[in-house]
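# Coordinates in review
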Amino acid sequence: MKKIDPCTLVLFGASGNLSRVKLMPGLFRLDAAGRLPEHMAILSVGRGDVSREAWQADIKAMLDTKFKKGYDQKDFERFINRNHYHANPPTDPDAFKKMQEKLADASIFPQNLAYFLSVRPTDFSPIVEQLSGVGLLDESQYWRRVLIEKPFGTDLESAQALQAAITKHLKESQIYRIDHYLGKSALQNIMLTRFANTMFEPIWNNQYIDHVQITNNETLGVGDRTQFYDTTGALRDMAQSHLLQTLALVAMEKPKDLSPDSIRAEKIKLLQSIEPIPLTDLKHNAFRAQYAAGRVCAADGHGENVQGYLEELAKDGITASVTETYAAMKLFINNPRWKGVPFYVRTAKRMHEGNTAISIRFKKAPMQLSAEQHQNWLILNIQPHECLKMEVESKIPGLDIATRTMAIDMPQRLASDESIDSYESLLLNLMEGDPSLYLHISEVEAQWRLIDPIVKAWAADLSTVHQYVAGSHDPKESGVIFESEDQFWRYSIELGGDKH
Ligand SMILES: NC(=O)c1ccc[n+]([C@@H]2O[C@H](COP(=O)([O-])OP(=O)(O)OC[C@H]3O[C@@H](n4cnc5c(N)ncnc54)[C@H](OP(=O)(O)O)[C@@H]3O)[C@@H](O)[C@H]2O)c1
């Protein structure tokens, strides 16, 4: 367990959705598990004029909603006493000065300060500037860290503009850019699976691997976030950070040690060696589509009729859109380990199943007994089930020589294992000063460099976007990006390929 200095967590946007659902409950659980330092305070900052008592009652409501089975009263007392509120009305020119005066009381607020900016992206740089203006980012005596929520920019240019604005006031070591995917233990397990086992590393290269699929499929649609989604799309929302980070963990070289700098150096190298998609042949390298009306499996397991994306937009007054709810792309990594191996990255809403996985298909075995003999697959499933599945060919007992595919299926979570939300580990890392699960600016830039040209080319192409029925498998037409005819989209359980 790493030691955490006494500190104050200053939470901007504490009344928002993210804070209610993840941050406050996460901090409470960390406290109950004894992971917060004894001297640690939480100062929630919001526009509204709310008393400390009213704010504490609101926090209790957040915890009651999250922990339906209740919680320990002693844990609650300790946690609630850490919590304070500061009103920061945008109309008050002295609001940040008043906050600085409040925080100056070291008997209540330990002077190492971690700021969590859970606010609209347009507010990130104004808040940093104002904190700096009142000396609250000064590290001459205590550390000062700023966590920036996702997204860090909406394209390369805006990411660089945000970086330029905040680095007037912050050093890189003070900036924690979040991708909450990296807080998932299943994602952290990718590195351990690769490097803590002897059997995988020797075959983790283009000599043995045919291709890799990085998949994030959801059964959910865009819900009431039509405005947000239509200006974002699947590539920006999921692929730009979550899926490219997953790819980096799968493909990077072994870091020289597990220090944050070494891990990030390897991820940066890998992301920078992904070849840009050739825009002159975009249609063989990337595919987009939108869901049409259909039927999906609802959370209660029953079928539910749902509208198409364009119908949902029309309800909210948006009459036309080429924004993708399905995006698939083929990437190549220009290094000796991966030369020639396609990495297929895909993400979609309103699919037949919700699943996040890394599926690795191995090359044909040296001995082919029949045309039906399958190639080996290794699947690292991230969610909903954390498991590792290996498919191997095995003799069917009997007089004939014939094989069938058998699976070694290994759950990576036992019933007795604690379940830690990704925000809990990331909050802890922020206070510990461990940025290894946060993004370096070079990673963010490399990711935008890959995604931006595709987003722009698709936005400029106003021809009708391919439609797929909600609740179906990948559109057959998406197969246009496969390198060879025997490649197919891999799903969570079935072996066979396209079952349209
Ligand atoms: N929700 C999620 O699951 C999720 C997931 C990934 C990333 N994020 C990111 O996390 C951040 C917060 O998300 P959220 O869903 O919690 O947002 P939210 O509920 O819309 O708002 C967060 C806070 O921002 C303040 N705010 C809202 N509208 C404002 C306005 N017009 N002017 C000034 N302040 C305003 C409010 O605080 P006060 O009124 O108290 O000032 C509010 O509590 C965003 O950057 C988002 O992209 C969220």
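Quantities reported herein were computed from a predicted structural model and do not represent experimental measurements. (Residues numbered from 1 in each chain as written. Predicted model: local features only at pLDDT ≥ 70, side-chain atom pairs only at ≥ 80, totals over all residues. Heavy atoms only, no water.)

Let's shift gears to unusual backbone geometry. With glycine set apart, most residues show a phi of negative sign, and most peptide bonds adopt trans. Here the bond from Lys 150 into Pro 151 is cis, since omega is 5°, no more than 30 degrees from zero. Relative to the helices and strands, Pro 151 is located in the loop between strand S5 (144–148) and helix H6 (156–166). The residue after Gln 383, namely Pro 384, is reached through a cis peptide bond having omega 5°. Here Pro 384 lies in the loop between strand S14 (377–383) and strand S15 (387–395). A positive phi is found at Arg 350, a non-glycine position, where the angle reads about 55°. Checked against the element boundaries, Arg 350 lands in the loop between strand S12 (343–348) and strand S13 (355–362). (Helix = DSSP H or I, 4+ residues; strand = E, 2+ residues; numbered from the N terminus.)

So, on to the domain arrangement of the protein chain. Domain annotation for the protein chain reports domain 1 (7–149) and domain 2 (182–417 + 439–481). Between domain 1 and domain 2, the C-alpha centre-to-centre distance is 36 Å. (Domains from an automatic or database assignment.)

With that settled, consider the packing of aromatic side chains. The geometry of two aromatic rings is summed up by the distance between their centres and the angle between their planes. Taken as a whole, this structure holds 19 aromatic pairs when the rule is applied. Here Phe 287 and Tyr 326 contribute two aromatic rings whose centre-to-centre distance is 6.1 Å and whose plane-to-plane angle is 80°, an arrangement assigned as edge-to-face. With Phe 287 in strand S8 (residues 286–292) and Tyr 326 in strand S11 (residues 326–331), this pair connects stretches of sequence that are 39 residues apart. The exposure class of Tyr 326 is buried, given its relative accessible area of 0%. Where Tyr 344 meets Trp 489, the ring centres are 6.0 Å apart and the plane angle is 80°; that geometry is what we call edge-to-face. One end of the pair, Tyr 344, is in strand S12; the other, Trp 489, is in the segment after strand S17 (467–469), with 145 residues separating them in the sequence. Trp 489 shares its class with Tyr 344; the two are buried. Through a chain of ring-to-ring contacts, three or more aromatic side chains come together here, namely Tyr 229, Phe 287, Tyr 291, Tyr 309, Tyr 326 and Tyr 468. (Phe/Tyr/Trp six-rings, centres within 6.5 Å; stacked < 30°, edge-to-face > 60°. Buried < 20%, exposed > 50% of the residue type's maximum accessible area, 1.4 Å probe, protein only.)

Among the 17 residues in the neighbourhood of the ligand, the closest are listed as Ser 15, Gly 16, Leu 18, Arg 47 and Val 119. A distance of 2.8 Å separates an oxygen atom of the ligand from a polar backbone atom of Leu 18. Alone, the ligand offers 890 Å² of accessible surface; in the complex the protein occludes 65% of this. Tallied by class, residues from the shell around the ligand come to six nonpolar, six polar and five charged. (Near = heavy atom within 4 Å. Polar contact = N/O pair within 3.5 Å; in protein donor to acceptor, adjacent residues only side chain to side chain. Areas by Shrake-Rupley, 256 points an atom, 1.4 Å probe, with all protein chains shown as cover. Nonpolar A, V, L, I, M, F, W, Y, C, P; charged D, E, K, R; others polar.)

Assignment of secondary structure puts His 84 in strand S3 (residues 83–87). The class for His 84 is buried, based on a relative accessible area of 12%. Sequence-distant contacts of His 84, defined by excluding residues within four places in its chain, comprise Ala 41, Ile 42, Leu 43, Ser 44, Arg 52, Trp 55, Ile 108 and Phe 109. (Contact = heavy atoms within 4.5 Å.)

With that settled, consider the sheet that holds S11. Backbone hydrogen bonds are what pair the strands of a sheet, in a parallel or an antiparallel way. The nine strands lie next to each other as S16-S15-S14-S13-S7-S12-S11-S8-S17, forming an open sheet whose pairing is mixed. Only two strands of the sheet have a single neighbouring strand rather than two, namely strand S16 (403–411) and S17. Sheet twist, expressed as the average angle between the axes of neighbouring strands with direction ignored, equals 20°. Helix-sheet contacts for helix H9 (residues 233–251) involve strand S7 (209–217), S11, S12 and S13, and the interaxial angle to S12 is about 145°. Contacts from helix H13 (residues 441–460) reach S8 and S11 within the one sheet, and its direction differs from that of S8 by about 55°. (Pairing = 2+ DSSP bridges. Axes fitted to C-alpha atoms, helices over the stretch in contact; angles between N-to-C directions.)

As a note on interpretation, predicted positions should not be read in detail where pLDDT is low. Averaged over the protein chain, the pLDDT score is 94; the fraction of residues at 70 or greater is 98%. In the predicted structure, residues 495–500 sits below a pLDDT of 50 and forms 18 contacts with residues beyond four places in sequence or in another chain. (pLDDT = per-residue confidence, 0-100.)

Taken as a whole, this structure holds 31 salt bridges when the rule is applied. Between Asp 123 and Arg 120 there is a salt bridge; the shortest N-O distance is 3.2 Å. We classify Asp 123 as partly exposed; its relative accessible area is 23%. Assessed through its relative accessible area of 55%, Arg 120 is described here as exposed. (Salt bridge = Lys/Arg side-chain N within 4 Å of Asp/Glu carboxyl O.)

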